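This is what each chain is made of:
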Amino acid sequence: MKITAGDIILYQGNSLVIYYAANSWNFTRIGKINDVTQTELLEAFGDGDITVTFSLD
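Residues numbered from 1 in each chain as written. Predicted model: local features only at pLDDT ≥ 70, side-chain atom pairs only at ≥ 80, totals over all residues. Heavy atoms only, no water.

Draft legend 1. Expanded view of the sheet that holds strand 5 (residues 29-32). Pairing is antiparallel across the open sheet formed by three strands, whose spatial order is 3-2-5. Unpaired on one side and paired on the other, strand 3 (15-18) and strand 5 mark the two borders of the sheet. Ignoring which end each strand starts from, the neighbouring axes of this sheet average 30° apart. Pairing of strand 2 (residues 7-11) with strand 5 involves three bridges; the strand directions are antiparallel. In the sheet register, Ile8 faces strand 5, and the bridge partner there is Gly31. (Pairing = 2+ DSSP bridges. Helix = DSSP H or I, 4+ residues; strand = E, 2+ residues; numbered from the N terminus. Axes fitted to C-alpha atoms, helices over the stretch in contact; angles between N-to-C directions.)

Draft legend 2. Focus on the environment of Ala22. Position of Ala22 relative to the elements: it lies in the loop between strand 3 and strand 4 (23-26). Non-local contacts of Ala22, meaning those with residues more than four positions away in its chain, are made with Lys2, Ile3, Thr4 and Ala5. (Contact = heavy atoms within 4.5 Å.)

Draft legend 3. Fine view of unusual backbone geometry. For Gln12, which is not glycine, the phi dihedral falls at a positive 55°. With respect to the helices and strands, the residue Gln12 is situated in the loop between strand 2 and strand 3. The phi angle at Asp35 is positive, at roughly 55°, despite the residue not being glycine. In this structure, Asp35 sits in the loop between strand 5 and helix 1 (38-45).

Draft legend 4. Molecular detail of the confidence of the model for the chain. Of the residues in the chain, 98% reach a pLDDT of 70 or more, and the chain-wide mean stands at 85. Averaged over each element, pLDDT in the chain is lowest for strand 4 (75) and highest for helix 1 (90). (pLDDT = per-residue confidence, 0-100.)

This is the structure we're talking about:
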């Protein structure tokens, strides 16, 4: 599966990664941020560390 902007993957068994751009690596996606573009993610994340909270409705 090709990774695209908004994909959430488990990296090395202990880190969650939110991708903001497509790449050709093959990872198992565990989640997806729907209806978001690369530009929107880059604007939201900025240049420094971020904190992300996941919740269920």
